[in-house]
Amino acid sequence: MRRANLNSWLLAAPLTGVLVVFLILPILLIVAVSFWSADEFSFRPDFQFGNYAYLFGSAVAWKVFGLTFMMAIIVWALTLLIGFTIAYFLAFHIRTQKWQMALFLLTTIPFWTSNIIRMISWIPLLGKNGLVNQTLISAGIIDEPLQWLLYSGFSVCLAFVHLYTLFMVVPIFNTMMRIDKSLIEAARDSGASGFQILTNVIIPLSKPGIMIGSIFVIALVMSDFVTTRFMSGSQLANVGRLISNDIGLLQYPSAAATAVVLLISVLLTIGAMLRLVDIRKEL
Amino acid sequence: MSKMHYSRRNVLKGGAAAVAASAFPAPMIWAQNIKDVVLRQAGTGVSAFNEVAAKVKEDLGFTLEMTALDSDAVTQRAATQPDSYDIADIEYWICKKVWPTGNLQAMDISKIANYDKIAGTFRDGKLTPESVIAQGTAPHTVGFVEGPGSTTFATQDSGWMTLIPTIYNADTLGIRPDLIGRPIDSWAELLNPEFKGKASILDISSIGIMDMAMVCEAMGEVTYADKGNMTTDEIDKTIGIFTEAKKAGQFRAFWKSFDESVNLMASGEVVIQSMWSPAITAVRAQGVPCVYQPLKEGYRSWGGGIGLSAGLTGLPLDAAYEYINWYLSGWVGGFLMRQGYYSAVPETSKLFMSEDEWGYWYEGKAAAGDIVSPSGTVIEKAGAIRDGGSFLDRMGKVACWNAVMDENQYMVRKWNEFIAA
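Residues numbered from 1 in each chain as written. Chains lettered and ligands numbered in written order. Predicted model: local features only at pLDDT ≥ 70, side-chain atom pairs only at ≥ 80, totals over all residues.

> Would you take a moment to explain the overall build of chain A for this structure?
Across its full length, chain A holds 13 helices and 2 strands. C-alpha extents for chain A along the principal axes are approximately 80 × 70 × 30 Å. Burial status across chain A gives 31% buried among its 283 residues. (Helix = DSSP H or I, 4+ residues; strand = E, 2+ residues; numbered from the N terminus. Buried ≥ 20, exposed ≤ 12 C-beta atoms within 10 Å, placed from the backbone.)

Spelled out as structure tokens, the structure:
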């Protein structure tokens, strides 16, 4: 082996070591445990497909997986729309870098308080006697408070969008800032309308950012369980809650099987998205 | 030392010296060492109060680190991570689940100074000699084992306890009388369509299933041979009724932790729900009317106690026994009684409560002056009477105990389906 070659292997070794110990091994362990069998308090090494059979045979599990995917798609679409608009505004309509940074920092506000505090603070806003309902009632628009504002699919979705739009804004804003402004001027000089510039220049050049943001949002929404539990008042379940329920009841093998299926479905989704855009080439 | 006029400090000194003398030839060394002892207590939130840890430091000198978890999480930790705690502050139904794992050690009652004063419910199951023992996992049925190392429960007082009892109570539904505006007297009201979108039940399977059973029985929909040990058929019927109600929009939310139940009730999102006593106190402390409604079918009861990790030995074990003796000596009992719980050793707790407090909380008498919560907020004005009345009125009407059933695994799966439905 040539010396330069050996050096690069050595340089890569520490990171590889860390990834193997802290990422690959735990995942392999989860896969292994998913074939174990369990009773109420103990689980033992085994190789059986009972956990998977139960999972795929359960109508509730199918429904929960469906709901998780649906939630991920809705949240993805909304965060993309909002995130792209915000990034576009910051990158192309704000002239000075000082204001760009100041407004960019404003988008991080949802992360200034803890998750729990954010969840609780939705109650006075969206609750039966909350601000929204009181305003609508006193304006004469509705007679009865709207129940679906809180502890519903709507509120879960709202909380996700509120939380995760930032993960769209950051990468999209970043790629937009790198777009050569002269390209836009050239398009304009060639007679392109504002909309044509958006669809033919800016969106194609922002694709890597959009894709990175999308991966963040989809992976986060699909793996969440706390937001769904609090915002739906425990009435809705996603895959994360199935896993956390299993863990809470010491059914580790069953939790591991669900985790493996979730991991595979998230990887497939992201794999499909990467087929659409080659991030490495575009960066 | 006179029996009637002892001070807690004297008792502790006596107890400490006795423990020290038996364990170490030189008590001086022990007295210095104990300051370094740190006991890690994992438990349900019901009795994890910072005031208790502070008082332990002040009275006993060592450090108590408390972790409050929900019931499922504490069960999980007690069963799978015995090295992560020294003291398990758990309920008796959790003990029934955890004891067979061998992660807790049996405790010698001869080391418990106030053993004789522990309420009968925890020793032979009888509140009064005439009491009938309610269905479910009654504390005395899992309170004793044959001896150290034994993993099966003893049928009677064997001298070795699984948990040293500390706390118990009778639970019922909490209501918002101002928003309901009519008398409520039955568990069946939880599923009354009148409260559509305004009801809640707790999402802890072992406790929730018992609330469900009380409701289904009160509605006349299901007749149970034994609510505390249902057949799969009874479980299906019970959860089926609630799944239908859930789909029809009866429930506003489910709650898992104490503070969630307080928020739901105080904000008016929910007007009738499963609730725990201090949650009622917390809602009232916010100035919101809330009643712990006695119901004609009786109460769902629970008891809790302190267990010791099997790995606890030597000096920390002695410190743990000292902690238990201190726990039963009255200060904590008085503190818990003011939260609306009952102390397992009422006699000693009385010494740490005013006559008026004792009258209000324990004897069901009208308060002579303001009743103040442990945090100092006035929760009742003079003349108020506790919901449900005296100790005997409340604990005498227990219909079932929180339970772990033979078909527990089946029930848990069905419960998960109910939550996800």
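> Please clarify how the overall build of chain B should be interpreted in this entry.
A count of helical and extended segments in chain B gives 16 helices and 17 strands. Relative to the globule expectation of 22 Å for 421 residues, the C-alpha radius of gyration of chain B, 21 Å, shows essentially globular dimensions. Its C-alpha atoms give chain B principal-axis dimensions of roughly 70 × 50 × 40 Å. (Rg over C-alpha atoms; globule rule 2.2 N^0.38 Å.)

> Would you mind showing me how to read the interface of chain A and chain B here?
Accessible area lost upon the coming together of the parts is a frequently used measure of interface size. Contacts between the two partners involve 19 residues from chain A and, on the opposite side, 27 residues from chain B. Those elements that place two or more of their residues in the side of chain A that touches chain B are α3 (59–93), α5 (115–126) and α11 (239–248) of chain A. (Contact = placed C-beta atoms within 7 Å.)

> What is the right way to look at the pairing of strand β10 (residues 251–255) of chain B in this model?
In summary, the side chains of a regular strand alternate between the two faces of the sheet. All names here are of chain B. Here β10 lies mainly inside the structure; 5 of its 5 residues are buried. Sheet topology note: the strand β9 (residues 199–202)/β10 ladder contains 4 bridges and is parallel. Paired with A199 across the two strands is F251, which belongs to β10. (Pairing = 2+ DSSP bridges.)

> How should α11(A) be read in this particular structure?
Because the α-helix completes a turn every 3.6 residues, residues three or four places apart line up on one side. Of all 10 residues that make up α11(A), 8 are buried, and the element is covered over most of its length. For α11(A), every residue scored as buried is listed here: A:V239, A:G240, A:R241, A:L242, A:I243, A:N245, A:D246 and A:G248. Of the surrounding elements, those touching the buried residues of α11(A) are α3, α9 (194–223), α10 (226–231) and α12 (252–276) of chain A together with α4 (71–80) and α16 (408–420) of chain B. Positioned one or two residues after α11(A), A:L250 has a phi angle of 65 degrees, which is positive.

> Would you take a moment to explain the sheet that holds strand β12 (residues 291–293) of chain B for this structure?
Within a sheet, neighbouring strands are paired by backbone hydrogen bonds and run either parallel or antiparallel to one another. Residues and elements named next belong to chain B. Ordered in space as β10-β9-β11-β8-β12, the 5 strands form an open sheet in which the pairing is mixed. The sheet is open, and its two borders are formed by β10 and β12, each paired with just one other strand. The sheet shows a mean angle of 25 degrees between the axes of neighbouring strands, taken without regard to direction. Both strand β8 (residues 173–175) and β12 contribute to a ladder of 3 bridges, which runs antiparallel. By the bridge assignment, G174 is partnered in β12 with Y292. (Axes fitted to C-alpha atoms, helices over the stretch in contact; angles between N-to-C directions.)

> Any chance you could explain the nonpolar core here in plain terms?
Of all hydrophobic cores here, the largest spans 180 residues; its most connected members are A:V75, A:V221, B:A320 and B:Y323. In terms of residue count, the dominant contributor to this core is α3(A) (12 residues). Those residues within four positions of A:V221 in sequence are excluded, and the remaining contacts are A:M71, A:A72, A:V75, A:F160 and A:Y164. (Core = buried A, V, L, I, M, F, W, Y, C linked by C-beta atoms within 7 Å.)

> Which parts of the structure should I look at to understand unusual backbone geometry?
Most of the time, phi is negative for any residue but glycine, and the peptide bond is trans. All names here are of chain A. Backbone geometry places Y151, a non-glycine residue, at a positive phi of 55 degrees. Mapping Y151 onto the fold places it in the loop between α6 (131–138) and α7 (153–178). For Y151, a count of 30 C-beta atoms within 10 Å translates into the label buried. Although it is not a glycine, S234 sits at a positive phi angle of roughly 65 degrees. Structurally, the position occupied by S234 is in the loop between α10 and α11.

> Help me understand helix α8 (residues 232–247) of chain B in this model?
All names here are of chain B. The end-to-end C-alpha distance of α8 is 22 Å, a good match for the 22 Å that 16 residues give at a rise of 1.5 Å each. Those residues of α8 that sit buried are E234, I235, T238, I239, F242 and A245. Taken around the axis of α8, the buried residues stretch over an arc of 115 degrees, which confines them to a single face. Exposed and oriented more than 90 degrees from the buried face of α8 are D233, E244 and K247. Buried positions along α8 lie against α7 (205–219) and α16. Just past α8, the residue G249 takes up positive phi, approximately 85 degrees. (Expected span 1.5 Å × (residues − 1). Arc of directions from axis to C-beta.)

> Quick question: what am I supposed to make of the environment of B:W255 here?
Residue and element names in this part refer to chain B. Among the secondary structure elements, W255 is positioned in strand β10. Overall, the presence of 25 C-beta atoms within 10 Å leaves W255 in the buried class. Once the C-alpha coordinates of W255 and S274 are considered, the two residues, 19 residues apart in sequence, prove to be 9.1 Å apart. Among all residues touching W255, those that are not within four sequence positions of it are S200, L202, D203, E260, S261 and L264.

> Please clarify how the environment of B:E51 should be interpreted in this entry.
All names here are of chain B. Along the chain, E51 turns up in helix α3 (residues 50–60). Considering only alpha carbons, one finds E51 and F335, 284 residues apart in sequence, at a separation of 9.0 Å. Sequence-distant contacts of E51, that is, excluding residues within four places in its chain, are made with F335 and P374.

> Help me understand the pairing of strand β1 (residues 38–44) of chain B in this model?
All names here are of chain B. Across the 7 residues of β1, 5 count as buried, placing the element largely inside the fold. As paired strands, β1 and strand β2 (residues 63–69) are joined by 7 bridges and run parallel to one another. Counterpart to R40 in the pairing with β2 is E65. The parallel pair β1 and β2 is bridged by α3, and the resulting crossover is right-handed. Sheet analysis places β1 next to strand β3 (residues 87–91), joined by 3 bridges and oriented parallel. Paired with A42 across the two strands is A88, which belongs to β3. (Right-handed = clockwise from strand over helix to strand, strands pointing away.)

> Explanation requested: the confidence of the model for chain A in the structure shown.
When pLDDT is low, close inspection of the predicted coordinates is not appropriate. Per-residue confidence for chain A gives a mean pLDDT of 89; residues scoring 70 or more make up 96%. The least confident element of chain A, judged by mean pLDDT, is helix α13 (residues 279–282) of chain A at 65; the most confident is α3(A) at 93. (pLDDT = per-residue confidence, 0-100.)

> I keep staring at the environment of A:R118 and nothing clicks. Help me out?
Residues and elements named next belong to chain A. Structurally, R118 is set in helix α5. Separated by 122 residues in the primary sequence, R118 and G240 place their C-alpha atoms 20 Å from one another. With residues near it in sequence (within four places) discarded, R118 still touches P110 and T113.

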